[in-house]
Amino acid sequence: MTGVFQGGIQIEGEARGRILKLGKPISFWGGVDPVTGRISDPRHPNHEAELKDRVLVLPGMIGSSSSSYIMLELMAKRLAPAALIVAEPDAILGLGVVVAREMNYGSIPVLVLPHERQAELADGAEVSIRRDGTIRAA
């Protein structure tokens with residue numbers, strides 16, 4: 001769907017990319033391969049999807065605080081998503097982004113967009129994200 005959405009800013013930034021909308025919550029620890037940047041959990045509906053340069057729309061997170069380490073590894077290897085759009089504030093993935101920024105691996109925006117608004121975003125749609133949290137879907 002085309003439109004303009006206003007995300008809550010958890011980590012400020014700008015990004016462009018195609019949306020990868022996850023079909024269910026995920027744990028990055030055990031669910032994402034930090035070597036390939038792909039979803040490795042064979043039970044996940046997006047199994048084998050590549051995260052690199054995608055605007056990752058997450059309906060929720062599962063589990064481990066080690067997910068921040070996986071995000072850091074993805075950023076260090078340039079395999080990270082272009083941005084994260086989460087349904088609820090998430091400190092764990094955000095921590096990985098903050099540490100990556102401090103280690104000069106770059107940074108990505110992390111925005112909060114409730115489930116109802118996430119439902120309006122089409123998987124594969126091109127979007128741009130501005131520093132003020134505006135998401136423009138083409």
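Conventions adopted
- Residues numbered from 1 in each chain as written.
- Predicted model: local features only at pLDDT ≥ 70, side-chain atom pairs only at ≥ 80, totals over all residues.
- Heavy atoms only, no water.
- Helix = DSSP H or I, 4+ residues; strand = E, 2+ residues; numbered from the N terminus.
- Rg over C-alpha atoms; globule rule 2.2 N^0.38 Å.
- Buried < 20%, exposed > 50% of the residue type's maximum accessible area, 1.4 Å probe, protein only.
- Contact = heavy atoms within 4.5 Å.
- Areas by Shrake-Rupley, 256 points an atom, 1.4 Å probe, with all protein chains shown as cover.
- Lys, Arg positive; Asp, Glu negative; His and termini not counted.
- Charge placed at Lys NZ, Arg CZ, Asp CG, Glu CD.
- Salt bridge = Lys/Arg side-chain N within 4 Å of Asp/Glu carboxyl O.
- Core = buried A, V, L, I, M, F, W, Y, C linked by side-chain atoms within 4.5 Å.
- Pairing = 2+ DSSP bridges.
- Axes fitted to C-alpha atoms, helices over the stretch in contact; angles between N-to-C directions.
- Right-handed = clockwise from strand over helix to strand, strands pointing away.

Caption draft 1: Local environment of the overall build of the protein. Looking only at helices and strands, the protein features four helices and ten strands. Its helices and strands in sequence order give the protein the pattern β-β-β-α-β-β-β-α-β-α-β-α-β-β, from N to C terminus. Its C-alpha atoms give the protein a radius of gyration of 13 Å, within 12% of the compact-globule value 14 Å for 138 residues. Oriented by its inertia axes, the alpha-carbon framework of the protein measures out at about 35 × 35 × 20 Å. In the protein, buried positions account for 49% of the 138 residues. In the protein, once contacts between residues fewer than 6 apart in sequence are set aside, the share between residues at least 24 apart is 77%. On the protein, roughly 6600 Å² of surface is accessible, and the fraction owed to carbon and sulfur atoms is 52%. Charged side chains in the protein number 15 positive and 16 negative. The centres of these two groups are separated by 4 Å.

Caption draft 2: Focus on the pattern of salt bridges. Within this structure, the stated rule accounts for seven salt bridges. Across the salt bridge formed by E120 and R117, the nearest N and O atoms sit 3.1 Å from each other. With relative accessibility at 30%, the residue E120 sits in the partly exposed group. Taking the relative accessible area as the measure of exposure, R117 reaches 31% and is therefore partly exposed. A salt bridge links R130 to D132; its shortest N-O distance comes to 3.5 Å. Judged by its relative accessible area of 39%, D132 is partly exposed.

Caption draft 3: Broad picture of the nonpolar core. Counting 26 residues, the largest nonpolar core has F28, L51, L56, L58, M71, L74 and L84 as the members making the most contacts within it. For this core, the secondary structure elements donating two or more residues are β6 (55-58), α2 (67-76), β7 (83-86), α3 (91-102) and β8 (110-112). In terms of residues, this core owes the most to one element, α2, which gives five residues. In contact with L51, not counting residues within four places along its chain, are L20, F28, V32, G37, I39, L56, L74, L79, A80 and P81. Counting 16 residues, the second-largest nonpolar core is a separate cluster that includes A82, I85, L121 and V127.

Caption draft 4: Expanded view of the sheet that holds β6. Read from one edge of the open sheet, eight strands run β1-β10-β9-β3-β6-β7-β8-β2, paired in mixed fashion. A single partner strand is all that each edge strand has here, and the edge strands are β1 (3-6) and β2 (8-11). For this sheet, the mean inter-axis angle between neighbouring strands, taken without regard to orientation, is 30 degrees. Most of the contacts of α3 go to β2, to which it runs at about 55 degrees, and overall it touches β2, β6, β7 and β8.

Caption draft 5: Here's a closer look at the pairing of β6. Across the two faces of β6 the burial is the same, with V55 and V57 and L56 and L58 all buried. Sheet topology places strand β3 (residues 15-21) next to β6; three bridges connect them, and they run parallel. Paired with I19 across the two strands is V55, which belongs to β6. In this sheet, β7 lies alongside β6 in parallel orientation, the contact comprising four bridges. By the bridge assignment, V55 is partnered in β7 with A83. Each parallel crossover has a hand, and for β6 linked through α2 to β7 it is right-handed.

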